[in-house]
Amino acid sequence: MSGESLFPALEPLLEQVSKPIQYVGGELNSTVKPWEVGGDGTVRWALMYPDAYEVGVPNQGVMILYEVLNERPDALAERTYAVWPDLEALMREHGVPQFTVDAHRAVGDFDLFGLSFSTELGYTNMLTALDLAGIPLHAADRDDSHPVVVAGGHAAFNPEPVADFVDAAIIGDGEEAVLVVTDIVGAWKREGRPGGREELLLRLARTGGVYVPAFYDVTYLPDGRIQRVAPNRPGVPWRVSKHTVMDLDAWPYPKQPLVPLAESVHERMSVEIFRGCTRGCRFCQAGMITRPVRERSITGIGEMVERGLAATGFEEVGLLSLSSADHSEIADVTKGLADRYEGTNTGLSLPSTRVDAFNIDLANELTRNGRRSGLTFAPEGGSERIRKVINKMVSEDDLIRTVAAAYSAGWRQVKLYFMCGLPTETDEDVLQIAELAKRVIETGREVSGRRDIRCTVSIGGFVPKPHTPFQWAAQLGADETDARLDKLREAIRSDKRYGRSIGFRYHDGKPGIVEGLLSRGDRRVGRVIEAVWRDGGRFDGWSEHFSYERWMAAAAAELGAQGVGLAWYTTREREESEVLPWDHLDSGLDKEWLWQDWLDALDETEVEDCRWTPCFDCGVCPQMGTEIEIGPTGKTLLPLTVLGAGRERMTATP
Ligand code: SF4
């Protein structure tokens, strides 16, 4: 019978696998609802973060949707994660399908299977889950008995590489969108499922906010570029819009954050203090696609921290956003929280990488309780020139002043983030990173009078992403990236005065090329993903599982047969007139503005942050019929009246 627990079949397998606790569920604040909770029209979601439990369980997006859906009397949501290869083999041997961790129900029994992709490297794990669930890999082969497979998350802003495998994709904020989809699915079920799966997908597509790849035909030019993407059903829009929640205070989720039983990557609670970013870093997809800026109010933040701590017992709270120090009332937020939790075991963290003294003031405030590990700054580019190209408005003097303030305030360790392979970059730009790091150590020794200070340089390979001004850029090849980084490592290591105080961390360029293929790929790339998966590809975000050779072999065979190739997708610069695979997914940004910003990048021209300066017409706000939503509200965090513990609501007095 549908909805039955698979645990009796699963339990004997668990003693044969590593970390069995990750498959048992039962976390504090998890929810199990009766299968028929809402009668005939019950809408059931299986939600997946397509990575291992320890990575997936702290994911805020899934946690929010899980709670929002379970609050509805006519819906239920359960979670599922990627199973490790040891359990996968046993499940296949014993015929146990992909299951949820909450009630151990078969994923194939649900109405909807929603996947949240933070990164494209989770695509092969999706195929494992579909296959284990008994859901045909290809959307075209599914019938009314199968769940509707829906992709979301940042990677879904270009869902074309997985177009064959998903029934639908939703771009933007999920909390309102899942409720709209739930309404539509519930109504269709109550009406007796008229027109079957096709009719349901049509109803979803016609909202204009759900992309159904099967309802769009893609045609190609003889040279391999896309000629046109056109809807093939009446009433299906040419472009699909992203979802934007404008009032974060109206969505104070998660109210009841999950507390995992097994180890996870973040042993803390997170409160999202704003969404969106207007700094305009040209490499940053998250910043571009989440515009406009929407702040949670200072009182809303205070309530979420207090309520979340009471609901979880966590001892650390992270104030999350893309650039947390940019919240217009962050000084009052941090001071208010530091005052309130002074003398308690509660630690506060502000994951901010802003390069200025203000950031250090905030960090000093939040570490009053004495915990001081290291400070992280993200200049991103090694030379002043390349920082203009990427619109990261940080001068070398800014950086030196900032680290001087950090070392004089007693910090001993500073971490610097950079990227390699940025557009127009030369060896010289990257070698500047070594010079910068040496100046950092020199300054640190000078201002602190100590020799035990450290600086760690951490470098990631740049991957051009859709919906950014760099979406047209040529990616640097894996070998070229590695050669450039080798030179940098040598420049740091060979320095006798400072080299030993500088740590150097980088990943080789190979995973970046695969990510580049999946990020800017079109529907033809789906065959590569499937071939890699059939050849055993799993957990591509994990270096011990990732196989570059497997991806290269599949890309050569599958893309070559379609008249394109890996380099065509990755290291090729695009022209303005080219139809990009994601052009019909509307992130709100004007393509003309993005192109102008790309030209500005090539000219080394910077643009300001529109949060503090007049609008520069990226297109998002007029399209949403809104403006950026920032304070100051004039309110303070304290005092806060706690009306009840746990689930009850608390109010803040201004
Ligand atoms: S439309 Fe203007 S104010 Fe809004 S995010 Fe774009 S540049 Fe900023």
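What comes next concerns the included structure. Computed from a prediction, not measured in an experiment: that's the story for all the values here.

## Some remarks on the overall build of the chain
Point 1. Within the chain one finds 21 helices and 20 strands.
Point 2. The C-alpha radius of gyration computed for the chain amounts to 25 Å, which stays within 12% of the reference 26 Å derived for 654 residues, consistent with globular compactness.
Point 3. If one aligns the C-alpha atoms of the chain with their principal axes, the spans along those axes are about 75 × 65 × 55 Å.
Point 4. For the chain, with 654 residues in total, the buried portion stands at 60%.
Point 5. The long-range fraction of contacts in the chain, counting pairs at least 24 apart against all pairs at least 6 apart in sequence, stands at 77%.
Point 6. Working note: accessible area of the chain is about 24900 Å², and carbon and sulfur atoms make up 50% of it.
Point 7. One way to put it: in the chain the 71 positive side-chain charges average out to a point 3 Å from where the 100 negative ones average out.

## Regarding the pairing of strand β4 (residues 148-152)
Point 1. Counting buried residues in β4 gives 5 out of 5 residues, a clear majority hidden from the surface.
Point 2. Along β4, one buried face is formed by Val148, Val150 and Gly152 and the opposite face, lined by Val149 and Ala151, is buried too.
Point 3. In the sheet, strand β3 (residues 112-116) pairs with β4 via 5 bridges, with the strands oriented parallel. Opposite Ser116, over in β4, you have Gly152 as the bridge partner.
Point 4. With respect to chirality, the unit in which β3 leads through helix α5 (residues 123-133) into the neighbouring parallel β4 is right-handed.
Point 5. When β4 meets strand β5 (residues 168-169), the two strands line up parallel, connected through 2 bridges. Bridged to Val150 within β5 is Ala168.

## Comments concerning the site of the ligand
Point 1. Thr278, Cys610, Cys615, Phe616, Asp617, Cys618, Gly619, Val620, Cys621 and Pro622 make up every residue found near the ligand.
Point 2. In terms of residue class, the shell around the ligand is made up of 7 nonpolar, 2 polar and 1 charged.

## As for the state of the cysteines
Two cysteines form a disulfide when their sulfur atoms are joined by a covalent bond.
Point 1. All told, the structure shown has 0 disulfides when counted by the stated rule.
Point 2. The thiol of Cys281 is not disulfide-bonded; the next cysteine sulfur, from Cys284, is found 6.2 Å away.
Point 3. Cys420 provides the cysteine sulfur closest to Cys455, a residue in no disulfide bond, and the two sulfurs are 17 Å apart.
Point 4. Owing to a relative accessible area of 0%, Cys455 belongs among the buried residues under this scheme.

## Comments concerning the nonpolar core
Point 1. Within the largest apolar cluster, 139 residues are counted, with the highest numbers of intra-cluster contacts made by Trp45, Leu87, Phe113, Met126, Leu130, Phe470 and Ile529.
Point 2. Other than its neighbours up to four places away in sequence, Leu87 contacts Leu10, Leu13, Leu14, Val17, Tyr23 and Phe99.
Point 3. Ranked by size, the runner-up nonpolar core spans 33 residues in total, among them Val430, Ile433, Ile441 and Cys455.

## Digging into the packing of helix α6 (residues 175-190) against helix α7 (residues 196-205)
Point 1. Contact geometry of α6 with α7 gives a least axis separation of 10 Å together with a crossing angle of 145°. In terms of crossing hand, the pair formed by α6 and α7 is right-handed. Residues Val181, Ile184, Val185, Ala187 and Trp188 of α6 touch α7, and the partners they reach there are Gly196, Arg197, Glu199, Leu200, Arg203 and Leu204.
Point 2. By residue class, the composition of the contact of α6 with α7 is 7 nonpolar, 1 polar and 3 charged.

## Quick look at α7
Point 1. When you tally the buried positions in α7, you get 7 out of 10 residues, the bulk of the element.
Point 2. Within the span of α7, buried status applies to Gly196, Arg197, Leu200, Leu201, Leu202, Leu204 and Ala205.
Point 3. Where α7 is buried, its residues meet β4 and α6.

## Some thoughts on the pattern of salt bridges
Point 1. Under the criterion given, the structure shown has 51 salt bridges.
Point 2. Its salt-bridge partner being Arg387, residue Glu384 comes within 3.5 Å of it at the nearest N-O pair. Of this pair, Glu384 and Arg387 both sit in helix α12 (residues 384-389), 3 residues apart, which is roughly one turn of the helix.
Point 3. Given a relative accessible area of 2%, Arg387 falls into the buried group.
Point 4. When salt bridges with common partners are traced through the structure, they connect Asp173, Glu175, Glu272, Arg275 and Arg294 into a single cluster.

## Digging into unusual backbone geometry
Point 1. With an omega of -5°, the peptide bond running from Tyr253 to Pro254 counts as cis.
Point 2. Its location among the elements puts Pro254 in the loop between β8 (240-241) and β9 (269-272).
Point 3. Residue Pro292 follows Arg291 across a cis peptide bond; omega there is 0°.
Point 4. One can find Pro292 in the loop between α8 (285-289) and β11 (294-295).
Point 5. One non-glycine residue, Asn391, lies in positive phi territory at about 65°.
Point 6. When you line up the elements, Asn391 lands in the loop between α12 and α13 (396-408).
Point 7. Phi at Asp617 is positive, roughly 65°, even though this residue is not glycine.

## Let's talk about the environment of Ala554
Point 1. Counting through the fold element by element, Ala554 comes out in helix α18 (residues 548-560).
Point 2. Residues Ala554 and Trp188 lie 366 residues apart in sequence; the distance between their C-alpha atoms is 40 Å.

## Let's talk about the packing of helix α3 (residues 60-70) against α6
Point 1. α6 packs onto α3 with a crossing angle of 40° between their chain directions and a minimal axis gap of 9 Å. In terms of axis orientation, α3 runs oblique to α6. Considering how the two elements wind past one another, α3 and α6 form a crossing that is right-handed. For the pair formed by α3 and α6, the contact residues are Ile64, Leu65, Val68 and Leu69 on the first element and Glu175, Val178, Leu179 and Thr182 on the second.
Point 2. For the contact of α3 with α6, the class distribution of residues is 6 nonpolar, 1 polar and 1 charged.

## Points about the sheet that holds β9
Point 1. With parallel pairing, 3 strands are arranged side by side in an open sheet as β9-β12-β13. Taken across any chain shown, the strands that pair with only one partner, and hence form the sheet edges, are β9 and β13 (347-349). Strand-to-strand twist of the sheet, defined as the mean angle between neighbouring strand axes without regard to direction, takes the value 25°.
Point 2. Bridge analysis of β9 against strand β12 (residues 316-320) gives 4 bridges, and the strand direction is parallel. Note on β12: the bridge partner recorded for Val271 is Leu319.

## With respect to the packing of aromatic side chains
Point 1. A complete count under the given rule lists 15 aromatic pairs for this structure.
Point 2. Taking the centre distance of 5.1 Å and the plane angle of 90° together, the rings of Trp35 and Phe110 count as edge-to-face. In this pair, Trp35 is assigned in the loop between α1 (7-14) and β1 (43-49) and Phe110 in the loop between α4 (85-94) and β3, connecting sequence segments 75 residues apart. Taken as a pair, Trp35 and Phe110 share a single burial class, namely buried.
Point 3. Seen from their ring centres, Trp593 and Phe616 are 5.6 Å apart, and the 20° between their planes marks the pair as stacked. Of this pair, Trp593 sits in helix α20 (residues 591-602) while Phe616 sits in the loop between α20 and α21 (620-624); the two residues are 23 residues apart in sequence, bridging distant segments of the chain.
Point 4. Accessibility expressed as a relative area gives 11% for Trp593, which makes it buried.
Point 5. Counting every residue linked through ring pairs, the aromatic cluster contains Trp84, Phe539 and Trp542.

Cut-offs used in this document
- Residues numbered from 1 in each chain as written.
- Predicted model: local features only at pLDDT ≥ 70, side-chain atom pairs only at ≥ 80, totals over all residues.
- Heavy atoms only, no water.
- Helix = DSSP H or I, 4+ residues; strand = E, 2+ residues; numbered from the N terminus.
- Rg over C-alpha atoms; globule rule 2.2 N^0.38 Å.
- Buried < 20%, exposed > 50% of the residue type's maximum accessible area, 1.4 Å probe, protein only.
- Contact = heavy atoms within 4.5 Å.
- Areas by Shrake-Rupley, 256 points an atom, 1.4 Å probe, with all protein chains shown as cover.
- Lys, Arg positive; Asp, Glu negative; His and termini not counted.
- Charge placed at Lys NZ, Arg CZ, Asp CG, Glu CD.
- Pairing = 2+ DSSP bridges.
- Right-handed = clockwise from strand over helix to strand, strands pointing away.
- Near = heavy atom within 4 Å.
- Nonpolar A, V, L, I, M, F, W, Y, C, P; charged D, E, K, R; others polar.
- Disulfide = S-S within 2.5 Å.
- Core = buried A, V, L, I, M, F, W, Y, C linked by side-chain atoms within 4.5 Å.
- Axes fitted to C-alpha atoms, helices over the stretch in contact; angles between N-to-C directions.
- Left-handed = near helix turned anticlockwise from the far one by under 90°.
- Salt bridge = Lys/Arg side-chain N within 4 Å of Asp/Glu carboxyl O.
- Parallel < 35°, antiparallel > 145°, perpendicular 65-115°, else oblique.
- Phe/Tyr/Trp six-rings, centres within 6.5 Å; stacked < 30°, edge-to-face > 60°.

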